[in-house]
Every structure is written in C-alpha cells, then in structure tokens.
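# Observations on chain architecture
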Amino acid sequence: MIEHRPFATLGGADHGWLDAKHHFSFAGYHDPARMGWGALRVWNDDTIAPGTGFPPHGHADMEIITYVREGAITHQDSLGNQGRTEAGDVQVMSAGTGIRHSEYNQEPVTTKIFQIWILPDRRGEAPAWGAKPFPKGDRSGQFVALASGMPGDTGALPIRTDARVLGATLKAGESAEYPLGAERRGYLVTAHGEVEIDGVVLAPRDGAAIRDVATIRVTARSDAELVLVDTAA
C-alpha cells in the first residue's frame, strides 16, 4: 500500500519568519488520520528566513533528525554543543532525559530543512547531539543510511530507536530499490524532483506512506533527491 500525500494537502502555518508544513499532526494542525506512521511522529518541512530561527526550547524522549535541504542551520544546546549543518548534511539530537537547544538560520539566504521526530525505544538515557556531512555523490543511485538505530549502519549517525533515515539522489531515468519488508513502515519525501513508486507519482515535497511492501522501487522522472524513513510498525 502506497498512500500519496501531496504537498498541497499538508497542514501548516506561515509565521512570517517560518513557513512550516506538517506531514503529521503538529502544533495547531490536527488530523486524527495523520498522527504518525509507525514510530515516526513528526515530519515538518520548514522554510526559515535569513537571520531568524527557533529560540532556546526544551525536548525529552524524542529522536530529532534535521536534514538540511538548502542553506544551513546553526545549533546550540544546553550540553555546550555548537555546530553548523549545511545543505545535504544531517544532525541528530537524542533528547533523552531532557535538553534545551536553539536552531538559527545565520545565513544571508533562506534555509530549508526537514525536521523528523521518531519515538525512542529506550528512555532514561542522557541527551546527546551529533552532526555529519553526507556528500550527495556517495548516495548517487542508491539509498544510504544517514541516521540509524539498526545493526550494521556504522557510517550513520546513531539514534535510539529501531528505525533508519536514508537519503538517495537519482538522475532522471535512474531507479533505486530499498528492501523495506512487509512488516515495516516507510515514509518517503521528495526533497527535490519528481519520482514514481509503483505507478504513484510524487512531485517535489510530496510524501508517500508505505506499508505491506517487500521492496520499494523508486524511479526518477527528473533529477531527484529523496529522504526515506524505515520504522517498525
């Protein structure tokens, strides 16, 4: 089953400095049919104006993955971590027992991010943060694990949950496969470009909720950049 979720159907709000679109219920947007997908709880498509951002605020018991699509995001937290994550790269914050952080666009251009929240399998652990570059050339024509709590993903940023966040870049006409498994759930969003999955066409920033599929096969109709979450049902 592949449920197409066009960008135009997403919830959201335009705050001026932040134009946020929500694939799942979040803040003032509530849809009882879109409360999450497996352990995936939040997927926000955020556009952040230059010189603005999220002031210090707290989280606990959540794995928060930030995928930067354009521009860069600058992070600071109560653990003393500081970092700047550029387009195509990823940062992960395991909120654990509690952490406060800020995320600012200190660039002269607009920053666009995917903000992905996944419920942890383990609680009561200390908070943590990390970031890593993931060159797009390394994921050309294939899905590569960017953040993972699954065995064997040694090159990915660690998260504390039975899930995997993957990225892929495809040239027009190229295809890539991912062995999801019928017992798992997948959620795929096109960061750029247009793709087709088993006859379902996704335009830029569309989502696809996937279940009961052994192998996902994605074919690019134009040059495309994809992000996929694989999580326990």
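Please refer to the structure higher up on the page.
As a convention, each chain's residues are numbered from 1 in the sequence order in which they are written. Residues qualify for local features only when their pLDDT is at least 70, as the model is predicted, and side-chain atom pairs are given and counted only at 80 or more; totals for whole chains, interfaces and linings, by contrast, use all residues. In computing side-chain values, all of the structure's heavy atoms are included and hydrogens and water are not.

If you tally the helices and strands in the protein, you get zero helices and 22 strands. Taking 2.2 N^0.38 as the reference for a compact globule, 233 residues should give roughly 17 Å; the C-alpha atoms of the protein span a radius of gyration of 17 Å, in line with that estimate. Throughout this description, buried means an accessible area under 20% of the type-specific maximum (1.4 Å probe, protein chains only), exposed means over 50%, and partly exposed covers the range between. Counting over 233 residues, the protein shows a buried share of 52%. We call two residues in contact when some of their heavy atoms are within 4.5 Å. Residue pairs in contact within the protein that sit at least 24 positions apart in sequence constitute 72% of those at least 6 positions apart. Under the convention used here, a 1.4 Å probe and the Shrake-Rupley method define accessible areas, while residue burial counts only the protein chains that appear. Accessible surface for the protein amounts to roughly 9500 Å². Of this, 50% is attributable to carbon and sulfur atoms. Charged residues are defined here as Lys and Arg on the positive side and Asp and Glu on the negative side; His and the ends of the chain fall outside this count. For this purpose, a charge sits on NZ of Lys, CZ of Arg, CG of Asp or CD of Glu. Computed over 22 positive and 30 negative side-chain charges, the separation of the two mean positions in the protein equals 2 Å. Numbering goes from the N terminus for both helices and strands, where a helix is a DSSP run of H or I of at least four residues and a strand is a run of E of at least two. Values of the radius of gyration come from C-alpha atoms, whereas the globule rule sets the reference at 2.2 Å times the count of residues to the power 0.38.

Below, the discussion takes up the sheet that holds strand β1 (residues 2-5). Strand pairing in a sheet is mediated by backbone hydrogen bonds. Such pairs are either parallel or antiparallel. Any two strands with at least two DSSP bridges between them are considered paired. If you walk across this open sheet you meet the seven strands as β1-β20-β17-β22-β15-β13-β14, and the pairing is mixed. Two strands close off the open sheet at either side, each with one partner strand: β1 and β14 (157-158).

Should a side-chain nitrogen of Lys or Arg be within 4 Å of a carboxyl oxygen of Asp or Glu, the pair is scored as a salt bridge. In total, this model carries 18 salt bridges according to the counting rule given. Salt-bridge contacts for E70 lead to K112; the nearest nitrogen and oxygen are separated by 3.9 Å. Taken together, the positions of E70 in strand β6 (residues 63-70) and K112 in strand β11 (residues 111-118) put the pair 42 residues apart, joining distant regions of the chain. A salt bridge links R84 to E86, with the shortest nitrogen-to-oxygen separation between them at 2.5 Å. By sharing partners, the salt bridges in this structure join D153, D162, R164, R184 and D230 into a single network.

This brings us to the sheet that holds strand β5 (residues 52-59). Pairing is antiparallel across the open sheet formed by four strands, whose spatial order is β5-β10-β7-β8. Edge strands, defined here as strands with exactly one partner in the open sheet, are β5 and β8 (82-86). If you compare each strand with its neighbour and ignore which way they point, the axes differ by 20 degrees on average. In the sheet, β5 pairs with strand β10 (residues 99-105) via six bridges, with the strands oriented antiparallel. Lines fitted to C-alpha atoms define the axes, with helix axes restricted to the stretch in contact, and inter-axis angles between N-to-C directions lie between 0 and 180 degrees.

Summarising burial for strand β15 (residues 163-170): eight of the eight residues are buried, a large majority. Every second residue of β15 is oriented toward a common face, with A163, V165, G167 and T169 on one face and R164, L166, A168 and L170 on the other, all of them buried. Inspection of the sheet shows β15 paired to strand β22 (residues 224-232) by eight bridges, in the antiparallel sense. Bridging across to β22, A168 finds its partner in L226.

This paragraph deals with the packing of aromatic side chains. Between 30 and 60 degrees the pair is tilted, below 30 it is stacked and above 60 it is edge-to-face, where a pair is any two Phe, Tyr or Trp rings, Trp via its six-membered ring, whose centres lie within 6.5 Å. Summed over the entire model, instances satisfying the criterion amount to seven aromatic pairs. With a centroid separation of 5.5 Å and an interplanar angle of 85 degrees, the aromatic rings of F26 and W117 are classed as edge-to-face. Of this pair, F26 sits in the loop between β3 (18-22) and β4 (40-48) while W117 sits in strand β11; the two residues are 91 residues apart in sequence, bridging distant segments of the chain. With 5.6 Å between their ring centres and 65 degrees between their planes, W43 and F114 make a pair best called edge-to-face. With W43 in strand β4 and F114 in strand β11, the pair connects residues that are 71 residues apart, well separated along the chain. Residue classification places W43 among the buried positions, given a relative accessible area of 0%. Within the aromatic cluster, the residues linked to one another by ring pairs are F24, W43, Y67, F114 and Y187. It is R5 that lies over the ring of W37; its NZ or CZ is 5.7 Å from the centre. Above the ring of W37, the side-chain terminus of R185 is found at 4.4 Å from the ring centroid. Look at NZ for Lys and CZ for Arg. If either is within 6 Å of the ring centre and within 35 degrees of the ring normal, a charge sits over the ring.

A few words now on empty space enclosed by the protein. For each structure, a 1 Å grid was placed over the protein atoms alone; sets of points admitting a 1.4 Å probe that cannot get out are labelled cavities, open sets with protein on both sides within 12 Å along at least five of seven lines are labelled pockets, and lining residues have an atom within 4 Å of a point. Grid points are joined across faces, edges and corners, and a volume is the space filled by probe spheres set on the points. Under the definition given, this model contains one cavity of 30 Å³ or more. The computed volume of the largest cavity comes to approximately 40 Å³. Every residue along the wall of the largest cavity is listed here: D61, M62, E63, G96, P120, R122, R123, E125 and R160. As a working rule, the residues Ala, Val, Leu, Ile, Met, Phe, Trp, Tyr, Cys and Pro are called nonpolar, Asp, Glu, Lys and Arg charged, and the rest polar, with Gly in that last group. Residue classes in the lining of the largest cavity are distributed as two nonpolar, one polar and six charged.

Quick look at the environment of I99 now. With respect to the helices, strands and loops of the structure, I99 is situated in strand β10. Since its relative accessible area comes to 3%, I99 is described here as buried. In this structure, the C-alpha to C-alpha distance between I99 and D77, residues 22 residues apart in sequence, is 7.1 Å.

On to the layout of surface pockets. Gaps between atoms show up when a probe of the same size as a water molecule is rolled over them. By volume, the largest pocket is sized at about 370 Å³. Tallied by class, the residues present in the lining of the largest pocket amount to 14 nonpolar, 12 polar and two charged.

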